[in-house]
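Residue-level structure breakdown
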Amino acid sequence: MEACFPGSSLPFLFRSSFVSRSGEILHRFLIQGQLQDNACAGSFQDFSRWADLVPLLGQESSEGGGFQTRDRYLFGWFSMKMKLVGGDSAGVVTAYYMCSDLGAGPKRDELDFEFLGNRTGQPYTIQTNVYQSGIGGREMRHSLWFDPTADFHTYSILWNRHRIVFYADRVPIRVYKNNGRKNDFFPTEKPMYMFSSIWDGDDWATRGGLEKTNWKKAPFVSSYKDYNVDGCRWEEPFPACVASTGEHWWDQSEAWVLADAQQEDFSWVGRNLVVYDYCKDTERYPELPEECNL
């Protein structure tokens, strides 16, 4: 292994390709950027070998591409700076999420950020969701107070036994609470990988699928930097850090509630930026899910 220097910056570029009828290899999705890691700066081969992140490349044009962590985590702070696809991004989904399975397993736990592209000049929508034992349907959608395609912005997840908080630029946009009892809505038992991907979701992502992906605008590029994890890395059979010892900041009482300034920001987001909340969709859920009452 080469010599490492603190804060070394590691560039990467992942492509998802398809072959045209003429036999030409074309690229539809690109993921590029720099990740701050303890790994050495170097080539793509160095990245694949030493960093916590590994590439995921789809075989078909609609599958897109992405990367994941080598390790799994149970609770902690997970953060990434992202710059989303600019211009006409209708139908394109950029996802940043955590999942207990490498595939879409029927009993998976999952915490989702999904950024839903739009036509040129129209704002992005950010969708969050929580799965427990394969059951999701807990979507919230927000508009943003900034242009996520003009520069890098930080998207983070705080996950402990008491709550899951989704942040944009350190502003809490969603708080998902636990009730402190065994239940079927809050994930606490399955360690998760962190993933990010970009893919074609034009059957649902933009205006319910009415706006289709314009492939003439490809490649669609999402950029990343400053990947950061401060969490309980899973080790068999059971890591000591999973226990509620209070040794980690994300497991201390201050992380169980929002600070006053955070609560003020969160309330402003709730008043001004919520596009959809499943807890208020009584047509879809005539009897609201248990967690909506917390």
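Residues numbered from 1 in each chain as written. Predicted model: local features only at pLDDT ≥ 70, side-chain atom pairs only at ≥ 80, totals over all residues. Heavy atoms only, no water.

**Things to note about the overall build of the chain**
Across its full length, the chain carries two helices and 15 strands. Long-range contacts, defined here as pairs at least 24 residues apart, represent 65% of the contacts in the chain between residues at least 6 apart. Counting every atom, the chain has about 14400 Å² of accessible surface; 48% of that belongs to carbon and sulfur. (Helix = DSSP H or I, 4+ residues; strand = E, 2+ residues; numbered from the N terminus. Contact = heavy atoms within 4.5 Å. Areas by Shrake-Rupley, 256 points an atom, 1.4 Å probe, with all protein chains shown as cover.)

**A few points about the pairing of strand β4 (residues 65-69)**
Among the five residues that make up β4, five are buried, leaving the element largely enclosed by the rest of the structure. With burial as the criterion, each face of β4 is covered, one bearing Gly65, Phe67 and Thr69 and the other bearing Gly66 and Gln68. (Buried < 20%, exposed > 50% of the residue type's maximum accessible area, 1.4 Å probe, protein only.)

**Comments concerning the nonpolar core**
Formed by 55 residues in total, the largest nonpolar core has its most connected members in Tyr96, Leu111, Phe113, Phe115, Tyr155 and Trp159. Residues within four places of tryptophan 159 in sequence aside, it is in contact with Tyr73, Leu74, Phe75, Gly76, Phe78, Met98, Leu111, Ile164, Phe186, Pro187, Lys190 and Met192. Formed by five residues, the second largest nonpolar core is a distinct cluster that contains Ala95, Tyr97, Cys99 and Phe195. (Core = buried A, V, L, I, M, F, W, Y, C linked by side-chain atoms within 4.5 Å.)

**Comments concerning the confidence of the model for the chain**
Averaged over every residue, the pLDDT of the chain is 79; residues scoring 70 or more account for 76%. Throughout residues 1-27 the model reports pLDDT below 50, and contacts reaching past four residues in sequence, or to other chains, amount to 78 contacts. Here residues 35-51 scores under 50 on pLDDT; set against residues more than four positions off or in separate chains, the count is 55 contacts. (pLDDT = per-residue confidence, 0-100.)

**With respect to the environment of aspartate 88**
Residue placement: aspartate 88 occurs in the loop between β5 (73-83) and β6 (92-99). Aspartate 88 sits in the buried class, given a relative accessible area of 13%. Sequence separation between aspartate 88 and phenylalanine 220 is 132 residues, and the spatial gap between their C-alpha atoms is 9.1 Å. Aspartate 88 has contacts with Asn118, Arg119, Thr120, Asn214, Lys217 and Phe220, leaving out every residue within four places of it along the chain.

**What to know about the state of the cysteines**
Summed over all chains, the structure comprises two disulfides. Paired through a disulfide, cysteine 232 and cysteine 241 show a sulfur-sulfur distance of 1.9 Å. Note on the cysteine 232 and cysteine 241 pair: the S-S dihedral is about 80°, so by sign convention the disulfide is right-handed. Classification of cysteine 232 by relative accessible area gives buried; the value is 0%. The residue that forms a disulfide with cysteine 279 is cysteine 292, at a sulfur-sulfur distance of 2.0 Å. Every disulfide takes its handedness from the sign of the S-S torsion; for cysteine 279 and cysteine 292 that torsion is -80°, giving left-handed. Of this pair, cysteine 279 sits in the segment after β15 (274-277) while cysteine 292 sits in the segment after β15, and the two are 13 residues apart along the sequence. (Disulfide = S-S within 2.5 Å.)

**Notes on unusual backbone geometry**
With an omega of 0°, the peptide bond between glutamate 236 and proline 237 qualifies as cis. Mapped onto the elements, proline 237 comes out in the loop between β14 (220-233) and α2 (260-272). One non-glycine residue, arginine 170, lies in positive phi territory at about 65°. Here arginine 170 shows up in the loop between β11 (163-168) and β12 (171-177). One non-glycine residue, aspartate 226, lies in the positive phi region at around 55°. Structurally, aspartate 226 can be placed in strand β14.

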